Amino acid sequence: MKFFVDTADIKEIKELNDLGLLDGVTTNPSLILKSGGKIAEVTKQICDIVEGPVSAEVTATEYSEMMKEAKVLAKIADNVCIKVPLTFDGLKACKAIRSEGRMVNVTLCFSANQALLAAKAGASFISPFIGRIDDIGIDGMELISEIRTIYDNYDFKTEILAASIRTVNHVKQAALIGADVVTVPPATLKALVKHPLTDKGLEQFLADWAKTGQKIG
Ligand code: E4P
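Worth saying up front: this structure is predicted, and the values here are computed from it rather than measured.

S.K.: Tell me about the overall build of the protein chain, and please be specific about residues and values.
M.R.: Per the secondary structure count, the protein chain includes 11 helices and eight strands. Each principal axis of the C-alpha atoms in the protein chain carries an extent, and together these give about 70 × 40 × 30 Å. Buried positions account for 45% of the 217 residues belonging to the protein chain. Across the protein chain, every contact between residues at least 6 apart in sequence was considered, and the portion connecting residues at least 24 apart equals 57%. As displayed, the protein chain offers around 11,800 Å² of accessible surface, 57% of which is attributable to carbon and sulfur atoms.

Structure follows, in structure tokens:
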């Protein structure tokens, strides 16, 4: 399973990339707003840090305008993955951008049929938004299961990128179902390592080791 971080915060991206655990980054207009920077500059900075796909989202809603924006974003770096919304214009843009050999992430997916369309359009990634589905009282993870089954039925190559991840449990469930990628906010990604028994066990080992008076090396 690939780990992407869902942020445009350069400091956080650097820190997580240094751990060697990062396979890519996703951003969106809200995250760019939060970063306080300009999309081209922030995306370039991220691409200079991370080798894997860095999703940068178009903001136009009409096909030809999306294509113009996609061209601008694609010039930033080779690893920019163009993010388009799950609309017919977005799907048309997906097909066209893919035919030019560029990665595309189709975002704002809330149904299995939408995911089917994205796969038909040749998307590199489909982003079902788990947390936002949970927010309206429906089990978001069910959607990941449905998409997994559909993609496997037809051997679609589109990777399932579980998005809008809010908890460490979301990450575990997405992994159990077989999502190809999770994009996780930095705090949730860092929380994955935490377990009280690990802390307790380490404390005990260090205390016992100190009593031996030994040193390794
Ligand atoms: C994914 O690409 C989106 O940027 C993100 O996961 C949305 O998450 P949110 O619902 O927490 O805003």
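S.K.: Explain the sheet that holds strand β5 (residues 104–109) to me, using residue names and the numbers behind them.
M.R.: Strand order around the closed barrel formed by eight strands is β1-β2-β3-β4-β5-β6-β7-β8, with parallel pairing between neighbours. Between one strand axis and the next, the sheet turns by 30° as a mean value, whatever way the strands run. Where strand β1 (residues 2–6) and strand β2 (residues 24–26) come together, three bridges link them in parallel fashion. Residue pairing in the sheet places V5 in a bridge with V25 of β2. Relative to the sheet, helix α3 (residues 39–49) contacts β2, β3 (54–57) and β4 (80–85), its axis offset from that of β3 by approximately 170°.

S.K.: I'd like a rundown of the nonpolar core, residues and numbers included.
M.R.: It is characteristic of soluble globular proteins that their nonpolar side chains tend to be buried jointly. Counting residues in hydrophobic clusters, the biggest one holds 60 residues, and the most contacted among them are I82, V84, V106 and I126. Filtering out sequence-adjacent residues up to four positions away, V106 remains in contact with V84, P85, L86, L91, C94, A118, A123, F125, I126 and S127. F4, F125, L161 and V181 belong to the second largest nonpolar core, which has seven residues in total.

S.K.: Go over the site of the ligand, please, and point to the residues and values.
M.R.: Near the ligand you find D6, T26, N28, K83, F129, R132, A163, S164 and R166, and these make up its full shell. Here an oxygen atom of the ligand and a side-chain polar atom of D6 are 2.7 Å apart. A distance of 2.6 Å is found between an oxygen atom of the ligand and a side-chain nitrogen or oxygen belonging to R132. With the chains in place, 86% of the 350 Å² that the ligand exposes on its own is no longer accessible.

S.K.: Hey, could you go over the layout of surface pockets for me, with residue numbers and the actual values?
M.R.: Size it by volume and the largest pocket reaches roughly 380 Å³. Contributing to the lining of the largest pocket are 23 residues, with D6, T7, N28, L31 and P185 lying nearest its centre. At the level of elements, α2 (29–35) and β5 are the ones that each hand at least two residues to the lining of the largest pocket. Of all the elements, α2 adds the most residues to the lining of the largest pocket, at four residues. In terms of residue class, the lining of the largest pocket is built from seven nonpolar, 10 polar and six charged.

S.K.: Residues and numbers for the packing of aromatic side chains, please.
M.R.: Counted under the stated rule, the structure contains four aromatic pairs. Aromatic pair Y154 and F156: ring centres 6.1 Å apart, planes at 45°, arrangement tilted. For Y154, a relative accessible area of 59% gives the class exposed. Here a set of aromatic residues connected by ring pairs shows up, and it is made of Y151, Y154 and F156. A cation sits over an aromatic face here: K92 above Y63, 4.3 Å from the ring centre.

Procedures and definitions
Residues numbered from 1 in each chain as written. Predicted model: local features only at pLDDT ≥ 70, side-chain atom pairs only at ≥ 80, totals over all residues. Heavy atoms only, no water. Helix = DSSP H or I, 4+ residues; strand = E, 2+ residues; numbered from the N terminus. Buried < 20%, exposed > 50% of the residue type's maximum accessible area, 1.4 Å probe, protein only. Contact = heavy atoms within 4.5 Å. Areas by Shrake-Rupley, 256 points an atom, 1.4 Å probe, with all protein chains shown as cover. Pairing = 2+ DSSP bridges. Axes fitted to C-alpha atoms, helices over the stretch in contact; angles between N-to-C directions. Core = buried A, V, L, I, M, F, W, Y, C linked by side-chain atoms within 4.5 Å. Near = heavy atom within 4 Å. Polar contact = N/O pair within 3.5 Å; in protein donor to acceptor, adjacent residues only side chain to side chain. 1 Å grid on protein atoms, 1.4 Å probe; cavity = no way out; pocket = protein on both sides within 12 Å on 5 of 7 lines; lining within 4 Å. Points joined across faces, edges and corners; volume = space filled by probe spheres on them. Nonpolar A, V, L, I, M, F, W, Y, C, P; charged D, E, K, R; others polar. Phe/Tyr/Trp six-rings, centres within 6.5 Å; stacked < 30°, edge-to-face > 60°. Lys NZ or Arg CZ within 6 Å of the ring centre and 35° of its normal.

Shape is all these values report; function is a separate question.
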